[in-house]
Amino acid sequence: MRLLVRRPSPHLADGELTHIGRVPVDPGLALEQWKGYVDVFRQRGWEVVEIPPADEHPDGVFVEDTVVVFGDLAVTTRPGADSRRGEVVTTRSVVETTGLDVAAIEEPGSLDGGDVLKIGRTVYV
């Protein structure tokens, strides 16, 4: 099993919000929690692939928004928020080294991977 991860940006508190109010975020605590999360997967034998940091992208830690994997196919997304589109570049550069087939959502389309639900071979978006 493989896990793609990116450490949280020190600007995590400035991320996109749509339906909830902004609350304080402790970037140091977020980083420590992220390290614990990643360590759990490593301890259980997962291959952890780190995507380069993207400190200029507060939401960059949410890798699942920039790539959706179906078996041997990785689909890089085109987030709806312009501010998130730069995250895809570094995600794609890493995904291309994994041996997966890679496809991309292209303009004018948009897709945020967090809006995808996979159940078996059925996909809901």
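Read on for a plain summary of the structure. Predicted model, so just to flag it, every value in this text is computed and none were measured. (Residues numbered from 1 in each chain as written. Predicted model: local features only at pLDDT ≥ 70, side-chain atom pairs only at ≥ 80, totals over all residues. Heavy atoms only, no water.)

Some words on the overall build of the chain
So the rule is basically this: Numbering of helices and strands starts at the N terminus; helices are DSSP runs of H or I of at least 4 residues and strands are runs of E of at least 2. The quantity called the radius of gyration is restricted to C-alpha atoms. Its globule counterpart is 2.2 Å times the number of residues to the power 0.38. Throughout, exposure labels follow a simple rule: accessible area from a 1.4 Å probe, protein chains only, divided by the maximum for the residue type, with under 20% read as buried, over 50% as exposed, and the rest as partly exposed. Surface accessibility follows the Shrake-Rupley procedure with a 1.4 Å probe radius. Residue values consider only the protein chains on display as shielding. Neither His nor the chain ends contribute to the count of charged residues, in which Lys and Arg are positive and Asp and Glu negative. Every charge is mapped to an atom, namely NZ of Lys, CZ of Arg, CG of Asp or CD of Glu.
The secondary structure content of the chain amounts to 2 helices and 7 strands. Start at the N end of the chain and walk to the C end: the helices and strands fall as β-α-β-β-β-α-β-β-β. For a compact globule of 125 residues, the expected C-alpha radius of gyration is about 14 Å, and the chain comes in at 15 Å, within 12% of that figure. By its C-alpha atoms, the chain is 40 × 40 × 25 Å across when sized along the principal axes. Expressed as a percentage of its 125 residues, the buried residues of the chain come to 35%. For the chain, the exposed surface amounts to about 7800 Å²; the carbon and sulfur share of it is 54%. Positive and negative charge centroids in the chain, built from 13 and 21 side chains respectively, lie 4 Å apart.

Brief notes about the packing of aromatic side chains
Here the distance between the centres and the angle between the planes together describe a pair of aromatic rings. Heads up, the rule is: By convention, a stacked pair of Phe, Tyr or Trp rings (six-membered ring in the case of Trp) has centres within 6.5 Å and planes under 30 degrees apart, an edge-to-face pair has planes over 60 apart, and any other such pair is tilted. Put simply, a charge is over a ring when the Lys NZ or the Arg CZ is close to the ring centre, within 6 Å, and near the line of the ring normal, within 35 degrees.
Under the counting rule described, the total for this entry stands at 2 aromatic pairs. The interplanar angle of 65 degrees and the centroid separation of 5.1 Å between the aromatic rings of Tyr 37 and Phe 41 together place this pair among those described as edge-to-face. On the criterion of helical spacing, the pair formed by Tyr 37 and Phe 41 is a turn pair, its members being 4 residues apart in helix H1 (residues 27-43). Seen from their ring centres, Phe 41 and Trp 46 are 4.8 Å apart, and the 75 degrees between their planes marks the pair as edge-to-face. Relative accessible area serves as the criterion here: at 26%, Trp 46 is assigned to the partly exposed category. Grouping aromatic residues by their ring pairs yields a cluster made of Tyr 37, Phe 41 and Trp 46. Over the face of the ring belonging to Phe 70 we find Lys 118, whose NZ or CZ atom lies 5.1 Å from the ring centre.

Some thoughts on the pairing of strand S2 (residues 47-50)
For clarity, the threshold we go by: One bridge is not enough; two strands pair if DSSP finds at least two bridges between them. By convention a crossover is right-handed if, when the strands point away from the viewer, the path from the first strand over the helix to the second runs clockwise.
Relative to S2, strand S1 (residues 2-5) runs parallel, the two sharing 4 bridges. Bridge assignment links Leu 3 to a residue of S2, and that residue is Val 48. Between the parallel pair S1 and S2, the chain is carried across by H1, and the sense of this crossover is right-handed.

Observations regarding a nonpolar patch on the surface
This is how the line gets drawn: Only residues whose relative accessible area exceeds 30% and that take part in no salt bridge are eligible for patches, with like-charged residues grouped when within 9 Å of each other and nonpolar side chains (Val, Leu, Ile, Met, Phe, Trp, Tyr) grouped when within 5 Å. The term salt bridge refers to a pairing of a side-chain nitrogen on Lys or Arg with a carboxyl oxygen on Asp or Glu at a separation within 4 Å.
Together, Leu 117, Ile 119 and Tyr 124 make up a nonpolar patch on the protein surface, roughly 310 Å² of accessible area in all. Along the polypeptide, Ile 119 turns up in strand S6 (residues 117-119).

With respect to the side chain of Asp 112
Here is the rule we go by: Contact between two residues is taken to exist if any of their heavy atoms lie within 4.5 Å; hydrogens are not considered.
For Asp 112, the position within the fold is in the loop between strand S5 (101-104) and S6. Buried charge Asp 112 goes without a salt bridge, the closest partner of opposite sign being Arg 84 at 4.4 Å. Aside from chain neighbours lying at most four places away, what touches Asp 112 is Asp 65, Pro 79, Gly 80 and Arg 84.

These figures capture arrangement, not role.
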